[in-house]
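Structural overview
Residue strings, one per chain:
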Amino acid sequence: MLDLCMIYPTRERPEQAAERLHAWLSRATPESVAVASGAAGRLTRIVVGLDDDDPTRRETLRLLAPIFELAPAMGVRVDVAGGTSLNKIHATNRCVPTRVLCSGHDADPNGDAPWTGDFDVLVVNSDDMAPLAHGWDAAIARDARAMMPDLDGALWYHDGHQDRVMTWPVVGRALYD
């Protein structure tokens, strides 16, 4: 079964960040359903990118706390990656490699919790995207198995607005590495 890791950068939109992240999580495939149905994979990890200098950081964490508590029941680990972003691409990329500041709402006092890198497919999201279907993660895993069995590719999905630019990257681990 493929493990999907969602990168979720957000800045200065605490209500929208919480609302959208809750939508992604609630429309993901629960672990028990994925196992019972023989799904190709599912969402297993979310890394929220939240800048240290975001003036709404504290409020965002407060609003995300219920999601952090809900996620383990679905078999999903949620981490928060801190730091200071130069732009959206930087915010996204710094969520992936090595610096995870806390798991859920329990902050690591040293700010250097280990990154385990336990994913097969990376799904790059943000607080301005919303899922269109239940089981979106199992559908991505199915497509990844079919179209990039060695996880050395990327999947392109229409974002509902335009059809020229990949705005919702879904990348296999081998290609990312």
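Residues take numbers from 1 onward in each chain, read along the sequence in its written order. pLDDT decides what is reported in this predicted model: residues at 70 or higher carry local features, side-chain atom pairs at 80 or more are listed and counted, and totals for whole chains, interfaces and linings draw on all residues regardless. Excluding hydrogens and water, the side-chain values take into account all heavy atoms of the structure.

1. Brief notes about the overall build of the chain
Going along the chain from the N terminus, every DSSP run of H or I of four or more residues is numbered as a helix, and every run of E of two or more is numbered as a strand. Counting its regular elements, the chain contains six helices and eight strands. Going residue by residue from the N terminus, the α and β elements of the chain occur as β-α-α-β-α-β-α-β-β-β-α-β-β-α. Here the term buried applies to any residue with accessible area under 20% of the maximum for its type, exposed to any over 50%, and partly exposed to those in between, with areas from a 1.4 Å probe on protein chains only. Split into buried and exposed, the 177 residues of the chain put 50% on the buried side. Throughout, a contact is declared for two residues whenever any of their heavy atoms are within 4.5 Å. Of the contacts made within the chain by residues no fewer than 6 positions apart, 72% connect residues no fewer than 24 positions apart.

2. Thoughts on the confidence of the model for the chain
A residue's pLDDT is the confidence the predictor assigns to it, expressed on a 0 to 100 scale. Scored by pLDDT, the chain has a mean of 84; 88% of the residues are at 70 or more. Low pLDDT (under 50) marks residues 97-115, which in the prediction has 43 contacts with non-local residues, meaning those over four places away or in another chain.

3. Some details on the nonpolar core
What is meant by a nonpolar core is a set of buried Ala, Val, Leu, Ile, Met, Phe, Trp, Tyr and Cys residues, joined one to another through side-chain atoms within 4.5 Å. Ranked by size, the top nonpolar core spans 35 residues in total, and within it Ile46, Val48, Val121, Trp136 and Ile140 carry the most contacts. Mapped onto this core, the elements with two or more residues apiece are strand S1 (2-10), helix H1 (14-26), strand S2 (41-50), helix H3 (57-70), strand S3 (77-81), strand S6 (121-124) and helix H5 (136-147). The element that contributes the greatest number of residues to this core is H1, accounting for five residues. Excluding anything up to four places from it in sequence, Trp136 contacts Leu4, Met6, Trp24, Arg27, Ala28, Leu43, Val123 and Pro131. Within the second largest apolar cluster, nine residues are counted, among which are Ile7, Cys95, Val96 and Phe119.

4. Observations concerning the side chain of Thr92
Examined against the element boundaries, Thr92 turns out to sit in helix H4 (residues 88-93). Contact partners of Thr92, with chain neighbours within four places excluded, come to Ile7, Pro9 and Val124.

5. Here's the deal with the pattern of salt bridges
The term salt bridge refers to a side-chain nitrogen of Lys or Arg lying within 4 Å of a carboxyl oxygen of Asp or Glu. Counted according to the given criterion, the structure contains ten salt bridges. Here Asp127 and Arg13 are joined by a salt bridge, their closest N and O atoms 2.7 Å apart. With Asp127 in the loop between S6 and H5 and Arg13 in the loop between S1 and H1, the pair connects residues that are 114 residues apart, well separated along the chain. Linking Asp79 and Arg45 is a salt bridge whose minimum nitrogen-to-oxygen distance equals 2.6 Å. With Asp79 in strand S3 and Arg45 in strand S2, this pair connects stretches of sequence that are 34 residues apart. Considered together, Asp79 and Arg45 belong to a single accessibility category, that of buried residues.

6. What about the packing of H1 against H3?
Two quantities define a packed helix pair, namely the angle between the helix axes and the distance between the axes. Whenever a helix is involved, its axis is fitted only over the stretch in contact; in every case the axis is a line through C-alpha atoms, and angles between N-to-C directions fall within 0 to 180 degrees. Interhelical geometry of H1 versus H3 gives an angle of 15° and a closest axis separation of 8 Å. Of the possible angle classes, the one that applies to H1 and H3 is roughly parallel. Remark: the crossing between H1 and H3 carries right-handed chirality. Between H1 and H3, the contacting residues are Pro14, Glu15, Ala17, Ala18, Leu21, His22 and Leu25 on the first element and Glu59, Thr60, Leu63, Leu64, Ile67 and Leu70 on the second. Of the residues that constitute the contact of H1 with H3, the class distribution is nine nonpolar, two polar and two charged. Any angle that falls under 35 degrees is termed roughly parallel, while one over 145 is termed roughly antiparallel, one within 65 to 115 roughly perpendicular, and all others oblique. Here a crossing is called left-handed whenever its near helix is offset anticlockwise from the far helix by less than a right angle, and right-handed whenever the offset is clockwise. Each residue is assigned to one class: nonpolar for Ala, Val, Leu, Ile, Met, Phe, Trp, Tyr, Cys and Pro, charged for Asp, Glu, Lys and Arg, and polar for all the others, Gly among them.

7. Overview of the state of the cysteines
For the purposes of this analysis, a disulfide is any pair of cysteine sulfur atoms at a distance within 2.5 Å. Inspection of every chain in the model, using the stated rule, returns zero disulfides. With no disulfide of its own, Cys5 lies 8.8 Å from the sulfur of Cys95, the closest cysteine sulfur.

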